[in-house]
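# Topology and contacts: notes
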Amino acid sequence: MNKLIITCAISGAEVTKQDNSYVPYTIEETAEEAYQAYLAGAAVIHLHVRNDDGTPTQDQKRYQQAIEAIQKRCPGVIIQPSTGGALGMSRDERLQPTQLPIEMATLDCGTLNFGGDDIFVNTENDIKYFAKIMKEKEISPELECFEKGHIDMVLRLHKKGFIHAPLHFSFVLGVNGGMTGEERDFLFLKESIPDEATFSVAGIGRFEFPLALLSIQHGGHVRVGLEDNIYISKGVLAKGNKELVEKVVELAKIYKREIATPQEARQILNIKEKIK
Ligand code: KMH
Ligand code: ZN
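What comes next concerns the included structure.

The rules behind these values
Residues numbered from 1 in each chain as written. Chains lettered and ligands numbered in written order. Predicted model: local features only at pLDDT ≥ 70, side-chain atom pairs only at ≥ 80, totals over all residues. Heavy atoms only, no water. Helix = DSSP H or I, 4+ residues; strand = E, 2+ residues; numbered from the N terminus. Buried < 20%, exposed > 50% of the residue type's maximum accessible area, 1.4 Å probe, protein only. Contact = heavy atoms within 4.5 Å. Near = heavy atom within 4 Å. Polar contact = N/O pair within 3.5 Å; in protein donor to acceptor, adjacent residues only side chain to side chain. Areas by Shrake-Rupley, 256 points an atom, 1.4 Å probe, with all protein chains shown as cover. Phe/Tyr/Trp six-rings, centres within 6.5 Å; stacked < 30°, edge-to-face > 60°. Arc of directions from axis to C-beta. Core = buried A, V, L, I, M, F, W, Y, C linked by side-chain atoms within 4.5 Å. Donors = N, O, S within 2.8 Å, 3.2 Å for Na, K, Ca; no water.

Secondary-structure assignment places Ile119 in strand β8 (residues 119-120). Since its relative accessible area comes to 45%, Ile119 is described here as partly exposed. For the pair Ile119 and Gly88, spaced 31 residues apart in sequence, the C-alpha separation works out to 8.2 Å. If we ignore the near neighbours within four places in the chain, the residues touching Ile119 are Leu87, Thr111, Leu112, Asn113 and Phe114.

Listed below in structure tokens is the structure:
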């Protein structure tokens, strides 16, 4: 089978040190968590940045500092900044990291409830706007889909020329307000994308490892990390992103999936290399 790309979502925008003390805030903590994930086998770092007090920010300079620090510690790793940012941010605020010479970024493909009164807004026009900028800047979009309607949106916008191939989907399942992460949900989404598309799965909370295993079994890729899940097993906090990535590496052995290096990940995903 093809090699397995592990993405590590090291920080997110919502999870805090109160939830898990390993959630990185400072540039040094962010670089260290990325480094530990990279050593464990992550080829891609999905990146949100925080101010030192933990508040989420999409500030371009803060991203630049974090990216430089990560590149220094993790030679060749693919850095995938978030354009989702945190709830309530404007389009242009969210898009700031795309001003940097990045290879990949997330593209969130639809609006959804996000628990309580929260809504994560991604209108059709938002998606077109984000996709246009990523196309112009030759940034590979990771197409984050939280439910089936988001896949339909991608396919429609791809047909109309707004979203460019190659299509690389990320099924983010188990968000309170999105699609759940049972096996049937995964299979439905997997069958809904074109054969030539690639996909990764990010299971939220208790869905993280069962979905990782399913994706490994079905030739897909996997995202784990403290953004999505803070536990290594039921009730036991993970001692950092490293443990979560290590667990995926163990799961991969069950189906004899080798782990892709960052360079192999670039080939699999057809990413235009930008780092020196
Ligand atoms: N923080 C969430 C509201 C992304 O990175 O593109 C959005 C998010 C998605 O994390
Ligand atoms: Zn994210």
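Taken together, 14 residues are adjacent to ligand 1, and Glu14, Ser82, Gly85, Thr106 and Asp108 come closest. Contact between ligand 1 and Glu14: a nitrogen atom at 2.9 Å from a side-chain N or O atom of the residue. Ser82 places a polar side-chain atom, nitrogen or oxygen, 2.7 Å from an oxygen atom of ligand 1. Coverage of ligand 1 by the protein chains reaches 97% of its 300 Å² of free accessible surface.

Before going further, it helps to examine the packing of aromatic side chains. Counted according to the given criterion, the structure contains 7 aromatic pairs. Judged by centre distance (6.4 Å) and plane angle (65°), the rings of Phe114 and Phe146 are edge-to-face. Taken as a pair, Phe114 in the loop between β7 (112-113) and β8 and Phe146 in the loop between β9 (140-145) and α5 (148-159) lie far apart in primary sequence, 32 residues in all. Note on Phe114: relative accessible area 23%, which makes it partly exposed.

Now for helix α8 (residues 241-254). Taken together, the buried positions of α8 are Asn241, Leu244, Val245, Val248, Val249, Leu251 and Ala252. Buried positions in α8, seen along its axis, are confined to an arc of 165° and lie on one side of it. Those residues of α8 that are exposed and aimed more than 90 degrees away from the buried face are Lys253 and Ile254. In this structure, the buried residues of α8 make contact with β1 (6-9), α1 (27-40), α7 (208-217), β12 (221-224) and β13 (231-233). Following α8 by one or two positions, Lys256 has its phi on the positive side, about 55°.

A word on the nonpolar core. Core analysis: the biggest nonpolar cluster contains 72 residues, and Leu47, Leu107, Ile163, Phe169, Phe171 and Val245 have the highest contact counts within it. Here the element with the most residues in this core is α8; it accounts for 6 residues. Discounting residues that sit within four places of it in the chain, Ile163 has contacts with Leu107, Ile127, Ala131, Leu143, Val154, Leu157 and His158. Core analysis: the second largest hydrophobic core is formed by 9 residues, Ile5, Met104, Ala260 and Ile271 among them.

For the rest of this paragraph, the subject is the coordination of the zinc ion (ligand 2). Within the protein, His46 (NE2), His48 (NE2) and Glu227 (OE) serve as the donor atoms for the zinc ion (ligand 2), at 2.1 to 2.2 Å. The sequence pattern describing where the donors of the zinc ion (ligand 2) fall on their chain is H-x1-H-x178-E. Within this pair, whereas His48 is found in the loop between β2 (44-47) and β3 (49-50), its partner Glu227 is found in the loop between β12 and β13, the two being separated by 179 residues in sequence. A residue is classified by how much of its surface remains accessible, and His48, at 5% relative accessible area, is buried.

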